[in-house]
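# Analysis of the macromolecular model
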Amino acid sequence: MSFSSKTIERKKRSKAQLQSVFRNRILFMSALITICFGLLLTQLFNLQVHLHNKYTTLSDSNRIQLIPMPPTRGHIFDRNGEILATNIPSFNLTITKQNTSKPIDEIISTITQWIPLSEQEITKYQRIDRVTARQNPVPLKEHLTEEEIHILSVNLYQLDGVDINSQLTRHYPEINSAVHALGYVGRIDSKDIKDIEEKNIQNQYLTLTHIGKKGAEKSFEDILRGTMGFEEVETNSSGRVIRKLEQTLPTPGLDIYLTLDIRLQRVAEEVLGDHTGAIVAFEPKTGEILAFVSKPDYNPNLFVNGISHTDYNDLNNNPEKPFLNRVMQGRYPPGSTIKPQIALAGLEKGLITPTSTVSCQGFYQLPGSKHKFRDWKRWGHGRVNLYLSLVQSCDIYYYDLAYKMGITPMTDFLKQFALGSPTGIDLLGESAGVSPTPAYKRQSFNQPWFDGETVTAGIGQSYWLATPLQINQATTIIAQKGKAFVPHILKAIRNPGTQEFQTTQPQPITPVTISKPEYWQSVIDGMVGVVHGSQGTARRIGTGIKYQIAGKSGTAQVKSIAQNAVYNRNALAKKHRDHAWFTAFAPANDPSIVVTVFIENGDSGSGVAAPLAKEVINAWMTKFRAPIQSPSTNERAGE
Amino acid sequence: MSFYDPSQSVRPKGLLSLFHLDTTLFLLLLSVCACGLTILYSASGGNLEVVQAQAVRMGIGIFAMLIIAFTPPYIIKSLTPYFFGISIISLILIFFVGVEVNGSHRWLDLKIIRFQPSELMKLAAPMMVAYYLSTRNLPPSFLVLITSLLITVIPFALVYHQPDLGTALLILFACITAIFFSGLKWRYIIFTAICVAIALPIIWEFGLQDYQKGRVLTLLNPESDPLGKGYQIIQSKIAIGSGGMYGKGWLNSTQASLKFLPESSTDFIYAITAEEFGFVGITVLLSLYWLIILRCFYLVNRSQNPFNKLIGGSITACFFFYIFVNAGMVSGLLPIVGVPLPFISYGGTSIVTLFLSFGIIMSIFAHPEPKKEKEYTT
């Protein structure tokens, strides 16, 4: 009994002990569980309250997609509202992979039964397809013809995910005309992307495929482009649009009016014909560029949708370099065209007067040197004053003047005439030309300066290099007696929505001041003599016109001629023949146009270039000078 | 030093005691189920069929719970070895006739019903351990401990080989808590903890499949693989974080409706809850869970019977383990382990198993032992 009671006692104790152990363990476990719940709540608090903003942003960026809506590029018109660049609809055949129900190969082979597909188009499709998301359409064939559209629209119901898409394509109705001024748009390439990133305007190009590559299209890209619009849509995880939330319409690009007169441009292009060269014409009272011709030219429409390799190679390998914008990037020795400016420098510095004379015997020698600097006229011009020196383009007069003046005072003075310094035109990529200075020679050739080079610099040779644009500006400054304007091609900007015009104000250059203003007239008289004087180098063009032209011819040597040798046109390779220049303005007393004609290896400024300049001047003076109508009232502008 | 406790002799009280249910616990469970159906409706994208199917399963579960609740604990105890045996056999059978889903053999097709034996094992294994321990003197001796561990390891190994790491870990946890409640000496616990700490690197090197390693690595740095392994964690954290203090509102989850978060109605439903109801809503849900756990512990603690105590404690701890692993995984505290959120996640077997386990708790509540009960002397 005592044993059993003891056993029971022990078991009761054991049970009580177990009870308390279990209670403790339960309490321990409850505490642990409560701590764990605390842990979960802490994490929730951290995520939901502390990091709430971060995750809200992430959540929105998950579901909200901005679909960029590209703006329409602005049109380009000439000064009279003639369309130079516009957008025309074109139709592409696209495949959206997400919506297709058959393998791509099968789809392509089906399409081939309806319309021809080149190997090139298929490879191009595959290349773009690889880098495009499933839900985006990829073009298979671009620029469908009417006939192809008909065949396809009848048959496309058989294929899912294949559509005809329309898009606007840049079109240049004037084809080759003014291509160097106008430029063109092309597909954005890696270099453009770099530029865009540098300017930090990637947002503006999200879905734009084209960008201005050259000329006005490039220079006024920011005006023409417009502002990207956005459509805010909610998408699911596979990118399918569930609904539209909001949309900001794109702002179309602004239309621009160029200062060009396409009629004058056509005349200039016609007269230049097959010559390799340039013609540029200004309205001197504003600095507006009326014509901007560089030959040979090319068709900008080829570039809009990617030029073919053959076409590109043909252009690129052409020895006449059609891509070179000769007006503002071609650098040539200016020759005698800059004599009026050098004469002004001599007058201003008191080295010559309008009446002082120099004896010209056909050659010039530096003191203590036997080297003969020859005049273009073997026997010389006799005694020449300022007027005759310009009219006959006497070289000896300017050899002497340059030597007396010294190279640096001369180049410094001519810098005011945009010779050796850029004109500041509003097109990108202008060349500054070269001033023949000892510093330039040292830098480029690491050679010392010789006096002989100062002498030849006096007739626009030596190291002088200038663009036709610079020569025209130098002439304009004389025509305007020092008060000219920076040449520009942007005349006005028009908002296509509000039809509001904003005209570009001409920007005056730093005026060139001459101590005796009558010197301007002395030089202009000389230039009038070139055309209208009895001995003028370009006297042949002075007939049959009711107004006076003031001009200056230039025949710039490309290859120096040995002592005592004679320039023989036929003995020289074409690329070594002289460049022909003629720069002129009219009417001489109240100029309304300044023209410079440059013909590469054209031989004779007065013989070849001058008649072309007269054609252009005459077309302007007699036909196009009076504006037909102001652009704001132009009906076609809205097209 | 009296072990007289008035509560032990009191008959079950409460509104639902007639149905052998504890009113408080039952109402708490019903609230969670109601929350579950509400959230599921939203997480499934407004699919009423899914919600109905889930409701039907809950009905079946509650019915099963009632049956278990009416069964006295000693009968449950006496049936335990058979239950365990059947579960082990079906687990072994799986290797021969199992249906392969997603590369693992988990399902057994019985023509009439398809079920996962591992789901049964989550209940059978801790019951067997509790059964074994309750027939021995407690606290367990070393030998008893080894035997209990053996009972644990066999089902664990079988499930782990399916492979189903999540369930295997649950079984392991359930058995170990049963051993813990039996009064396992602290020195053993500390010793095991040290052993585990040493063994972890070794298991990492040799014991884990690549996909499991990936899950752990992804957890440590989900951003390293945002479109691959880290995608789910990142998306679920976005869902939780974007919910904020008060949530986006019911049916307004963008992460689920736009399908950014995969498995949003099953394993990741916790994230949707947090997204739609915010910190406040999820705190309410976690509080319900916490109250359920505390109520269960209270009920279990009143029981005198060691088997009841052990299995009740283990079930409750397991219930917590489910919640913690799921919530921890979804909120980025733990690696991704396929564990559903109890009563909320969509899924058949798990809901029924849960109600079965709560049936045992109810049964313990409904059948207080008479004072003279001498079960412990066996």
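First, a word on what this report is: a plain description of the structure on this page.

Reading guide: rules and limits
Residues numbered from 1 in each chain as written. Chains lettered and ligands numbered in written order. Predicted model: local features only at pLDDT ≥ 70, side-chain atom pairs only at ≥ 80, totals over all residues. Heavy atoms only, no water. Helix = DSSP H or I, 4+ residues; strand = E, 2+ residues; numbered from the N terminus. Contact = heavy atoms within 4.5 Å. 1 Å grid on protein atoms, 1.4 Å probe; cavity = no way out; pocket = protein on both sides within 12 Å on 5 of 7 lines; lining within 4 Å. Points joined across faces, edges and corners; volume = space filled by probe spheres on them. Nonpolar A, V, L, I, M, F, W, Y, C, P; charged D, E, K, R; others polar. Pairing = 2+ DSSP bridges. Axes fitted to C-alpha atoms, helices over the stretch in contact; angles between N-to-C directions. Salt bridge = Lys/Arg side-chain N within 4 Å of Asp/Glu carboxyl O. Buried < 20%, exposed > 50% of the residue type's maximum accessible area, 1.4 Å probe, protein only. Buried area = accessible area lost by both parts, 1.4 Å probe. Polar contact = N/O pair within 3.5 Å; in protein donor to acceptor, adjacent residues only side chain to side chain. Parallel < 35°, antiparallel > 145°, perpendicular 65-115°, else oblique.

Turning our eyes to something else, we now look at the side chain of Asp395 of chain A. Position of Asp395 of chain A among the secondary structure elements: in helix H15 (residues 395-405). When residues no more than four places from it in sequence are discounted, the contact partners of Asp395 of chain A are Ser336, Lys339, Arg374, Asp375, Trp376 and Ile459 of chain A.

Rolled over the atoms, a probe as big as a water molecule pinpoints where empty space is left. Considering only enclosed or pocket space, the second largest pocket measures out at about 1,800 Å³ in volume. Leu169, Leu172, Phe173, Ile176 and Val196 of chain B are the residues nearest the centre of the second largest pocket, which is lined by 47 residues in total. Those elements that provide at least two residues to the lining of the second largest pocket are helix H1 (2-50) of chain A together with helix H6 (142-160), helix H7 (165-181), helix H8 (186-207), helix H9 (210-220) and helix H13 (306-330) of chain B. Looking at which element gives the most residues to the lining of the second largest pocket, the answer is H8 of chain B, with 12 residues. Looking at the lining of the second largest pocket residue by residue, the classes come out as 40 nonpolar, six polar and one charged.

Before going further, it helps to examine empty space enclosed by the protein. Residue and element names in this part refer to chain B. Scanning all chains against the criterion turns up two cavities of 30 Å³ or more. Forming the boundary of the largest cavity are Lys122, Leu123, Pro126, Ser314, Ile315, Cys318, Phe319, Tyr322, Thr353, Leu354, Ser357 and Phe358. Going through the elements one at a time, helix H5 (117-134), H13 and helix H14 (348-366) are the ones with two or more residues in the lining of the largest cavity. With five residues, H13 is the largest single contributor of residues to the lining of the largest cavity. Tallied by class, residues from the lining of the largest cavity come to eight nonpolar, three polar and one charged. The calculated volume of the second largest cavity comes to roughly 30 Å³.

Once that is clear, we can look at the sheet that holds strand E1 (residues 64-69) of chain A. Residue and element names in this part refer to chain A. With antiparallel pairing, the three strands of this open sheet are ordered in space as E1-E8-E9. Each of the sheet's edge strands pairs with one partner strand only, and the pair in question is E1 and strand E9 (241-248). On average, each strand axis in the sheet is inclined to that of its neighbour by 30°, with strand direction left out of account. Pairing between strand E8 (residues 229-235) and E9: six bridges, direction antiparallel. If you follow Thr235 over to E9, its bridge partner there is Val241. Seen against the sheet, helix H2 (residues 52-63) touches E1 and E8 and runs at an angle of roughly 50° to E1.

All names here are of chain A. The tally for this structure, following the rule as stated, stands at 24 salt bridges over all chains. Across the pair Arg73 and Glu221 runs a salt bridge, and its minimum N-O distance is 2.8 Å. Separated by 148 residues along the polypeptide, Arg73 in the loop between E1 and strand E2 (76-77) and Glu221 in helix H9 (residues 221-225) bring together distant segments of the chain. The buried category is assigned to Glu221, whose relative accessible area is 4%. Between Glu121 and Lys141 there is a salt bridge; the shortest N-O distance is 3.2 Å.

A few words now on the interface of chain B and chain A. Reports often express the size of an interface as the amount of accessible area lost when the parts come together. Between chain B and chain A, the residue contacts involve 59 residues of the former and 39 residues of the latter. Between chain B and chain A lies a buried interface of about 4,500 Å² when both sides are counted; carbon and sulfur atoms form 73% of it. Taken together, the links from chain B to chain A amount to zero salt bridges. Where chain B meets chain A, there are 11 residue pairs in polar contact (both at pLDDT 80 or more).

Residues and elements named next belong to chain A. Two elements in contact, helix H19 (residues 468-479) and helix H20 (residues 518-532), have axes whose closest approach is 9 Å; the angle formed by their N-to-C orientations is 120°. Comparing the axis directions of H19 and H20 gives the class oblique. Of H20, the residues touching H19 (which contributes Thr475, Ile477 and Ile478) are Trp520, Val523, Ile524 and Met527. In terms of residue class, the contact of H19 with H20 is made up of six nonpolar, one polar and no charged.

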